[in-house]
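# Examination of the molecular architecture
So you can see what is in the structure, the chains are spelled out below.
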Amino acid sequence: MVVLESGRKLVFRMIDSSADVSSSFPEKTQITLSSLEGDEQNCVLVVLKHVRLLLVYISAQISLALETFYTYLGLLVGSWPLSTIMITLLFGAVLCTGLAYFKPDTSYETWIPTSASALDHRDWVRQHFREDYRLELATVSIKAQSGSFSQTEYLARLAEAQYEITNLTVYIGHRMYTFEDLCYREGMECFIDSPLNSIFHNTNPDSIREELTSEESNLALFNIFHVINPVDFDQLFGLVRKDSDGRVESIRATTLQFRIRGDQNFSEAAEIWENLFISWSEKYRNDSLDISVFTSDTVEEETQEAFGNDIILLSCGYLLTFIYFALFLGKFNRKEHKIWIAVVGILCISFTLVVAAGLASYIRFSYGPVHSVIPFLLLGIGVDDMFVIVSSWQSSKPPKAHTTSKYSFVARYTAKCLGAVGVSITVTSITNAVAFFVGAGTVLPSLSSFCVYAGLAILLLFFFQVTFFAAFVAIDYRRQQANLDAGFPFIKLAPVEITNEKKKPDLVSRVFGSHIGRGLAGTNIASRIIQLLVIVLAGVIFAFCGYGCSKLEIEIDIKWLFHPDSYAVKFIDQRMDLFPGSGIPVAVYTGEIDYFSQQPELHLLNHTLYTDPSLRMGRGAVVFWFDKFIRWIDLDGRSMLVDFNSSSPLFPTRHETQRAIRQAGLSILPIIVNSTQFYTFLCEFVRNPISSEVRGDFEFDEEGSGCGNCCIKATRGHATFVPLNTTKEELEAMDGLRSRVNAIPFSYERAFAYAEIFLSWETN
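Residues numbered from 1 in each chain as written. Predicted model: local features only at pLDDT ≥ 70, side-chain atom pairs only at ≥ 80, totals over all residues. Heavy atoms only, no water.

Before going further, it helps to spend a moment on the nonpolar core. Membership of the largest hydrophobic core comes to 60 residues, with the highest contact counts inside it found for Phe325, Ile349, Leu378, Trp393 and Phe469. Looking at this core, the elements that each hand over two or more residues are helix 3 (38-79), helix 4 (81-96), helix 13 (298-329), helix 14 (339-362), helix 15 (374-395), helix 16 (409-439) and helix 17 (445-481). With 20 residues, the top contributor of residues to this core is helix 17. Contacts of Ile349, omitting those with residues within four sequence positions, involve Tyr318, Leu378, Leu379, Gly382, Val383, Met386 and Leu461. Within the second largest apolar cluster, 57 residues are counted, among which are Leu605, Ile672, Phe681 and Phe700. (Core = buried A, V, L, I, M, F, W, Y, C linked by side-chain atoms within 4.5 Å. Buried < 20%, exposed > 50% of the residue type's maximum accessible area, 1.4 Å probe, protein only. Helix = DSSP H or I, 4+ residues; strand = E, 2+ residues; numbered from the N terminus. Contact = heavy atoms within 4.5 Å.)

On a regular strand, each side chain points to the face opposite its neighbour's, so the side chains alternate between the two faces of the sheet. For strand 10 (residues 253-261), a buried count of seven out of nine residues is recorded, marking the element as mostly surrounded by other parts of the structure. Sheet topology note: the strand 1 (residues 133-142)/strand 10 ladder contains nine bridges and is antiparallel. Looking at strand 10, one finds that Leu137 is bridged to Gln257. In the sheet, strand 6 (residues 192-193) pairs with strand 10 via two bridges, with the strands oriented antiparallel. Bridge assignment links Asp193 to a residue of strand 10, and that residue is Gln257. In terms of strand pairing, strand 7 (residues 237-238) meets strand 10 through two bridges, oriented antiparallel. Note that in strand 10 the partner of Gly238 across the bridge is Ala253. (Pairing = 2+ DSSP bridges.)

When pLDDT is averaged along the protein chain, the result is 75, and 73% of the positions lie at 70 or above. Here residues 497-503 is a poorly scored stretch, pLDDT under 50, and it has nine contacts once near neighbours within four places are set aside; other chains count. (pLDDT = per-residue confidence, 0-100.)

On to a nonpolar patch on the surface. A grouping of Val47, Val51, Leu54, Leu55, Ile58 and Ile62 is seen on the molecular surface, where their side chains present a nonpolar patch of about 530 Å² in accessible area. Summarising the element assignment, Val51 is placed in helix 3. (Patch = residues over 30% accessible without salt bridge, like charges linked within 9 Å, V, L, I, M, F, W, Y side chains within 5 Å. Areas by Shrake-Rupley, 256 points an atom, 1.4 Å probe, with all protein chains shown as cover. Salt bridge = Lys/Arg side-chain N within 4 Å of Asp/Glu carboxyl O.)

What follows deals with the pattern of salt bridges. Tallying each qualifying case throughout the model produces 10 salt bridges. In this structure, Arg740 engages Asp612 in a salt bridge whose closest nitrogen and oxygen atoms are separated by 2.5 Å. Of the two residues, Arg740 sits in helix 27 (residues 727-742) while Asp612 sits in the loop between helix 23 (599-611) and strand 13 (623-624), which places them 128 residues apart along the sequence. The residue Arg738 makes a salt bridge to Glu762 at a minimum N-O spacing of 2.9 Å. Of this pair, Arg738 sits in helix 27 while Glu762 sits in helix 28 (residues 758-763); the two residues are 24 residues apart in sequence, bridging distant segments of the chain. Each member of the pair, Arg738 together with Glu762, is buried. Shared partners join several salt bridges into a network, and the residues in it are Arg134, Glu271, Glu274 and Asp297.

Another point: the pairing of strand 17 (residues 712-720). Within strand 17, seven of the nine residues are buried, which leaves the element mostly enclosed by the surrounding structure. Note that strand 13 and strand 17 share two bridges and pair antiparallel. Paired with Val623 across the strands is His718, a residue of strand 17. Bridge analysis of strand 16 (residues 698-700) against strand 17 gives three bridges, and the strand direction is antiparallel. From the neighbouring strand, Phe698 faces strand 17, where its bridge partner is Thr715.

This brings us to the packing of aromatic side chains. If you walk through the whole model with that rule in mind, you get 33 aromatic pairs. Relative to Phe277, the ring of Phe258 has its centre 6.4 Å away and its plane inclined at 70 degrees; by these criteria the two rings are edge-to-face. Of this pair, Phe258 sits in strand 10 while Phe277 sits in helix 12 (residues 267-283), and the two are 19 residues apart along the sequence. Ring-pair connections join several aromatic residues into one group, and the members of that group are Tyr595, Phe596, Phe624, Trp625, Phe626, Phe629, Phe678, Tyr679, Phe685 and Phe698. (Phe/Tyr/Trp six-rings, centres within 6.5 Å; stacked < 30°, edge-to-face > 60°.)

Next up, the structure:
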């Protein structure tokens, strides 16, 4: 305070002085000023002089005000340390009530930008095509060490595995739920996407073993399935070996898909069934087969388990910090060691974490996976502040005795120490917090929440350090003045024992105060050779890091949310290794449009799905209702064929006809020229068994009602991406398909392409 007061007086003396101040400015400024003449130059110099001194004065006043504040705060903390501790604990307890709103969020969707179009598309799809089921996946593969393994035996083992899965039974109280009770049905049958269901009429293991006659006949079944639907074949079978003619020779992996009811009435039973499904896969023992599974709740459950593993790592970090703090903060004697101060410091940081979570929960910010970094962040900042505060007590000279002062010696010492370090702690804490609060403006919800959590935690830690922790340090100093043992403060030490122990230097002094330490810090570093080596080393490190930044790629992998030994990671790795040829499904959606008048656009959309370079081609690659509808109409000759020289009610001029046909990539455009006939035929098509594959791709106003002009609310078509190996390929495929679909001039609502994986790709 004395220094700042002297500085303020010096500022006023500088302002009042008539000394030449031109030397106070940089050379370039002086050159600019010298270009002025006479009174103009003197006027500018006087203005700049007073502006500069005003800024110095303002800075000094701010520092003086902060130092004065912390001096008075130190007097309060030092005079009533126990009251300070109780008040801060009560304040923290009030904020902790916000934990009633604590919301852990492990969804990867929190990493999607709030402005991402995929979020709007997802909500639209869920509104119009709500699929109320849980998808359960199992990959059954032949182990590499199994060597030659006949397809007959593989199919038999696969049938046994599928049979065991479909016989998992859930018991809740006195009620039993079988797979037949919980399965999601399409019609009367449980939905099971399995090659066994496509090839065999009866999937019972005994029945399948009877049907498996020879290896050649089994391979013939695979080849027939491959010819009928090659896309589904690649999705269901992995590590397929083919001969030169493209015929299947062997299969070593298969994917099984099961759907469990997702309605609220069966939620508890469905969750238990999923747990049984996971337990069954982990307990499955077979010398030849390897099984991995993935459920609808895998992401959330495995992420929460990863949080539990972080707690162990966090505990180890805090323990190491406690040991370091206790060793280097005090001296190795009974009076001056700081074990209890280290304990209080760690508790202060931990308490801040809980209070910050309560405050952030009050303002409705969720807690995500990245928030696990905050405890380590607070640990580093908190330990630094604690070292500064304790070191101030150890290095500051005790205040002189004042018989007339109403404050005790410990209170005045606390005021002096806090006044000395309060400004530096305030500046670092506020700048750190402001940096995080600025980062809260990001479009990524999870990162924004993390920044708010971190900023609040840093400010709260700063508050508890200068009150709660400082009060304990004041109590510890009062103990030292009373010659009490540091570990057992109810034991008084003998004066002789204290005198002898005070002569021992602390660990820091013994390490850095030795001849070696002084040599490293002084002579060697000061030598020109060492200086040159340090500069060269810094340059090499900078160049290496710069090169690494040039190779930086942005990518989010869902595996990063899981523990490396998780069953989810095993499934994802096996999926990538065993099914390299399978692509990611994608769909295109249309909304409430006039489907009759938009037939040319529907033709163009169909053409886009068949010709987009990022989508798979061939039989079964595209499933679009309009394509099947037109083909069905053509069988009866009920459509009109429009060629380049024709006209129709939809195309008044030949130019419009030619443009529509070229856009659709066709030479002849089949259309229906009457609106009533169009919707009548469409209604017949939806009810016809031939449309069973696409019947679920419509949403009508009233299910089962007539197909009037306004009854179709939404439709969709399906396609599959080619295998995409890099983030760049994924983004190019997504953006390319989106732009081509969005460019089709539908009226009212634009068509759009969407897949669940787009949510992850949007973040990239």
